[in-house]
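Given next are the chains, with one letter for each unit.
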Amino acid sequence: MRVVEATLHVVRLPLVHSFETSSHRKDHLDHIVVELVDESGATGWGEIASPSAPYYSPETVQTTWYIAQHYLLPSILGISWDHPAQVQALWRKVRGHEFAKAGVDTAAWVLWSTMKGLSLSKALGGNRHQVKAGVSLGIEPTIDELIAQVHKHVEAGYARVKLKIAPGWDVEPVREVRAVFPEQDLHVDANGAYQSTETDFDQLRKLDDLGLTMIEQPFSPRDFLSHARLQAILETPVCLDESVSTIDDLRTMIALQAGKILNIKVSRMGGLTKAREAHDLARDHGIPVWCGGMHEFGIGRAANVAISSLGNFTLPSDVSGSEKYYRRDIIRPPVVTVLGSVDVPVAPGLGFAVDREWMSENTMKKETVGM
Ligand code: OSB
Ligand code: MG
């Protein structure tokens, strides 16, 4: 396989319902769609799902654009490869920049699986026909509005509900939601907003009797030690998200017992090859995983569905239906959740058609890199 042309498209879509985490609120997203074309004219699609601001990870839309344009695409153009897992080696020297790498890596997997006539799921070694879908709900202006959001998504059938928390918005709203939904599979995600202080440890400890499936990323990304200390005093599993962006981070998590569950994000780990490697390593150490999301458009969402079909993705993934996020997605048909599950496509490659017309109507910036 040899990529001879690559195009980056910055696409902007408004969110149906604005989303607030411990760091900020957003009402639209700019993601970069990666289009790779090989010498036979076949296309592979990927999505760089970096947020615009460096609050989730150090990357931004602008840094990913720069790194893809100047480093990642030039190193893949004109080079022959047999399998998408080899693509990582082409930019071995580029440190970090996982979101940028993930978009190009996914496009290579989609191109290859399309050419081989395999679904992306099959190409990755997946064996599920359906994946369980969870939903991630942001911080709301009031507890009543939060409860209304939970109602809506429980009624829509989601298998698990995650609530964003932050200091000042934690025990009280979660306790009230729990009171209304005593049996619901519920978990919380702090996006690293707590500090390694006695006050914050005491506050987090109060979540332990609310029957949560997990507490996701309470402390900052590099603070493995506080996660290990918290896990040692809680019954509730600690789940890591931001802390694990490389396989070495996962080895650290395992060695320090810094959590019992792993959120694997294709974007955060630098693509499908690394996400699969993380899945295998976690499985070998008895750590269940689920696939986290970055409010992906349909292309990134399809990749998340495909990776979630691997055996150790035993917990519901953040792969909600397209309509939770966007009035109209850039793929056809949109991703749909029925009775808490999403079907894994069986068609070759992405398994969805990219809606080029809708994409170009919403494109802010575009650039083609040739050989
Ligand atoms: O921590 O999982 C997170 C969105 C933006 C930044 C961080 C996170 C999220 C989500 C979105 O929770 C999950 C989804 O795509 O539905
Ligand atoms: Mg998270």
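Structure first, text after, so check above.
Here is a short report on the structure shown in this document. Note that the structure is predicted; figures quoted are calculated from it, not measured.

It is worth spelling out the overall build of the protein at this point. Within the protein, the secondary structure is distributed over twelve helices and 15 strands. Compactness check: the protein gives a C-alpha radius of gyration of 20 Å against a globular reference of 21 Å for 371 residues, within 12% of the reference. Overall, the C-alpha framework of the protein stretches about 60 × 40 × 35 Å when taken along its three principal axes. Split into buried and exposed, the 371 residues of the protein put 60% on the buried side. Counting only contacts in the protein whose residues sit at least 6 apart along the sequence, the fraction spanning at least 24 positions is 73%.

Here the focus is a negative patch on the surface. Taken together, the side chains of Asp 144, Glu 145, Glu 172 and Glu 176 make up a negatively charged region of the molecular surface. Elements supplying a minimum of two residues to the negative patch: helix 5 (143–155) and helix 6 (171–180). Along the polypeptide, Glu 176 turns up in helix 6.

The next thing to look at is the coordination of the magnesium ion (ligand 2). Each protein donor to the magnesium ion (ligand 2) is listed here as Asp 189 (OD), Glu 216 (OE) and Asp 241 (OD); together their distances run 2.1 to 2.3 Å. Within one chain, the residues serving as donors to the magnesium ion (ligand 2) are arranged as D-x26-E-x24-D. Taken together, the residues span a long stretch of sequence, with Asp 189 in strand 7 (residues 186–189) and Glu 216 in strand 8 (residues 215–216) at a distance of 27 residues. With respect to burial, Asp 189 and Glu 216 carry one shared label: buried.

Rules of the game
Residues numbered from 1 in each chain as written. Chains lettered and ligands numbered in written order. Predicted model: local features only at pLDDT ≥ 70, side-chain atom pairs only at ≥ 80, totals over all residues. Heavy atoms only, no water. Helix = DSSP H or I, 4+ residues; strand = E, 2+ residues; numbered from the N terminus. Rg over C-alpha atoms; globule rule 2.2 N^0.38 Å. Buried < 20%, exposed > 50% of the residue type's maximum accessible area, 1.4 Å probe, protein only. Contact = heavy atoms within 4.5 Å. Patch = residues over 30% accessible without salt bridge, like charges linked within 9 Å, V, L, I, M, F, W, Y side chains within 5 Å. Areas by Shrake-Rupley, 256 points an atom, 1.4 Å probe, with all protein chains shown as cover. Salt bridge = Lys/Arg side-chain N within 4 Å of Asp/Glu carboxyl O. Lys, Arg positive; Asp, Glu negative; His and termini not counted. Charge placed at Lys NZ, Arg CZ, Asp CG, Glu CD. Donors = N, O, S within 2.8 Å, 3.2 Å for Na, K, Ca; no water.

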